[in-house]
Amino acid sequence: MKLLDGKKCADHLVADIAGKVAGYTAAGLRKPHMTIILAGSHAPSESYVKSKLASCRKAGFDGELVRLPEKIAEAELLARIWDVNNDAGTDGLIVQLPVPKHIDKQNIINAIAPEKDIDGFHPANFGRMTLGQKAFRPATAYGICKLLQFYEIPTRGKHCVVIGRSNIVGKPISIMLSNDFDIGNATVTLTHIETPRELLLDETRRADIVIVAVGIPGFITGDMVKEGVVLIDVGINRLENGGIVGDVDFENVSKKCSWITPVPGGVGRMTVAALLINTLIAYQNKFKPG
Ligand code: NAD
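Residues numbered from 1 in each chain as written. Predicted model: local features only at pLDDT ≥ 70, side-chain atom pairs only at ≥ 80, totals over all residues. Heavy atoms only, no water.

S.K.: Can you walk me through the packing of aromatic side chains in this structure?
M.R.: Centre-to-centre distance and the angle between the planes together describe a pair of aromatic rings. This model, assessed by the stated rule, comprises four aromatic pairs. Geometrically, the ring pair formed by Y24 and Y283 is tilted, given 5.6 Å between the ring centres and 35° between the ring planes. In this pair, Y24 is assigned in helix α1 (residues 6–26) and Y283 in helix α10 (residues 267–287), connecting sequence segments 259 residues apart. Accessibility classification places Y24 together with Y283 in one group, the buried group. Each member of the aromatic cluster is reached from another via a ring pair, and the members are Y24, Y283 and F287. Here the basic side chain of R137 rests over the ring of F181, its NZ or CZ set 3.9 Å away from the ring centre. (Phe/Tyr/Trp six-rings, centres within 6.5 Å; stacked < 30°, edge-to-face > 60°. Helix = DSSP H or I, 4+ residues; strand = E, 2+ residues; numbered from the N terminus. Buried < 20%, exposed > 50% of the residue type's maximum accessible area, 1.4 Å probe, protein only. Lys NZ or Arg CZ within 6 Å of the ring centre and 35° of its normal.)

Here you go:
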């Protein structure tokens, strides 16, 4: 078993981005600028935002956090998004999810200018990505593809099973891996909470690649996968003792894997790296540096 080391891969990608940014700023251009809007103070969101801002610094970007109160009205949050949409000094905008319960998440996602939508959640980007067109790709799914690419894990012709159908992970990764993309051309089965258990087991036991994003510790057990499987664990589950685990019974499953992502240090790091790549693309689209 070998580890798909998200930290190593992300560090490599961030160093590459930092090199490009140093070139652009030496040529007199401003730095790429990522703005994150955080409404309220949800503990996991605080930690994700911290990690995104730290990665911005490493990449040579300006990272800006706009903190807004938990009780902010939806109309006011939308107005703040439009301000950032119209600010020529910002290249990429993230509204950290989840938004407070009284706010309609989809209205917020739809309000972000598609050309600044580095999370890749806006229907225009998601639709273009689905059609195989140029688009910002949803960051976690894009990060998984970058990780597979870094470790030269083939996807073409492989049987991939995705567990979980969220708009941010399961759905986009299943589309991306089945599309005719560089990292794609797989035969993908998308499973979810309504998939009968026996069908799920049939699928996972013959899969070459399993991608699990359900948010249940220990969901994937050793008897669910075949020898040599590539396992991508997207889950981030916080334990009462403060530890973080994924969706996989790592100790038993890893014995059967050819490759597996650790948690932490796997997909989470890649999500942030993908956000930086998308921000750099947004910046390059604006300035068209050589
Ligand atoms: P979600 O929490 O919105 O939904 C869970 C999904 O799991 C649903 O689609 C549901 O159908 C499926 N599911 C639940 N029980 C199932 C079962 N018994 N059999 C089959 N499918 C089942 O999904 P999400 O937002 O993608 O989050 C999933 C996990 O991934 C969470 O732990 C989350 O924290 C984590 N996550 C990690 C990253 C990262 O960067 N590593 C990014 C996003 C989410």
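Here the narrative resumes, following the displayed structure.
S.K.: Any chance you could explain the side chain of T204 here in plain terms?
M.R.: With respect to the secondary-structure elements, T204 resides in helix α8 (residues 197–205). Classification of T204 by relative accessible area gives buried; the value is 0%. Polar side-chain contacts of T204 include one of 3.3 Å to the backbone oxygen of L201. With sequence-adjacent residues up to four places away left out, T204 is seen in contact with V161, I163, V210, M224, V225 and K226. (Polar contact = N/O pair within 3.5 Å; in protein donor to acceptor, adjacent residues only side chain to side chain. Contact = heavy atoms within 4.5 Å.)

S.K.: When you look at the state of the cysteines in this model, what are you seeing that I'm missing?
M.R.: Here, disulfide denotes a covalent bond that connects the sulfur atoms of two cysteines. A complete count under the given rule lists zero disulfides for this structure. Of the cysteine sulfurs around C56, a residue in no disulfide, the closest is that of C9, at 18 Å. For the unlinked cysteine C257, the closest cysteine sulfur is that of C160, found at 13 Å. (Disulfide = S-S within 2.5 Å.)

S.K.: What's the story with the nonpolar core in this structure? I'm lost.
M.R.: Generally speaking, soluble globular proteins have nonpolar side chains that are buried together. The biggest cluster of nonpolar side chains holds 54 residues, and the ones touching the most others in it are L177, I211 and I232. Top element by residues in this core is α10. It accounts for nine residues. Mapping this core onto the domain boundaries places at least three of its residues in each of domain 1 (28–119) and domain 2 (139–268). Core analysis: the second largest hydrophobic core is formed by 17 residues, V161, V210, M224 and V225 among them. (Core = buried A, V, L, I, M, F, W, Y, C linked by side-chain atoms within 4.5 Å. Domains from an automatic or database assignment.)

S.K.: Please explain unusual backbone geometry as it appears in this structure.
M.R.: Leaving glycine aside, a negative phi is the common case for residues, and trans is the common case for peptide bonds. Of the consecutive residues L97 and P98, the connecting peptide bond is found in the cis state with omega at 0°. Assignment of secondary structure puts P98 in the loop between β4 (92–95) and α4 (105–111). Of note, the bond from V263 into P264 is cis; its omega dihedral lies within 30 degrees of zero at 0°. With respect to the helices and strands, the residue P264 is situated in the loop between β11 (257–260) and α10. In this model, E152 sits at a positive phi of 55°, which is unusual for a non-glycine residue. Along the chain, E152 turns up in the loop between α6 (139–150) and β5 (159–163). You can call E152 exposed: its relative accessible area is 71%. Positive phi values are uncommon outside glycine, yet N185 reaches one of about 60°. Along the chain, N185 falls in the loop between α7 (170–178) and β6 (187–191). Residue class for N185 comes out partly exposed when judged on its relative accessible area of 22%.

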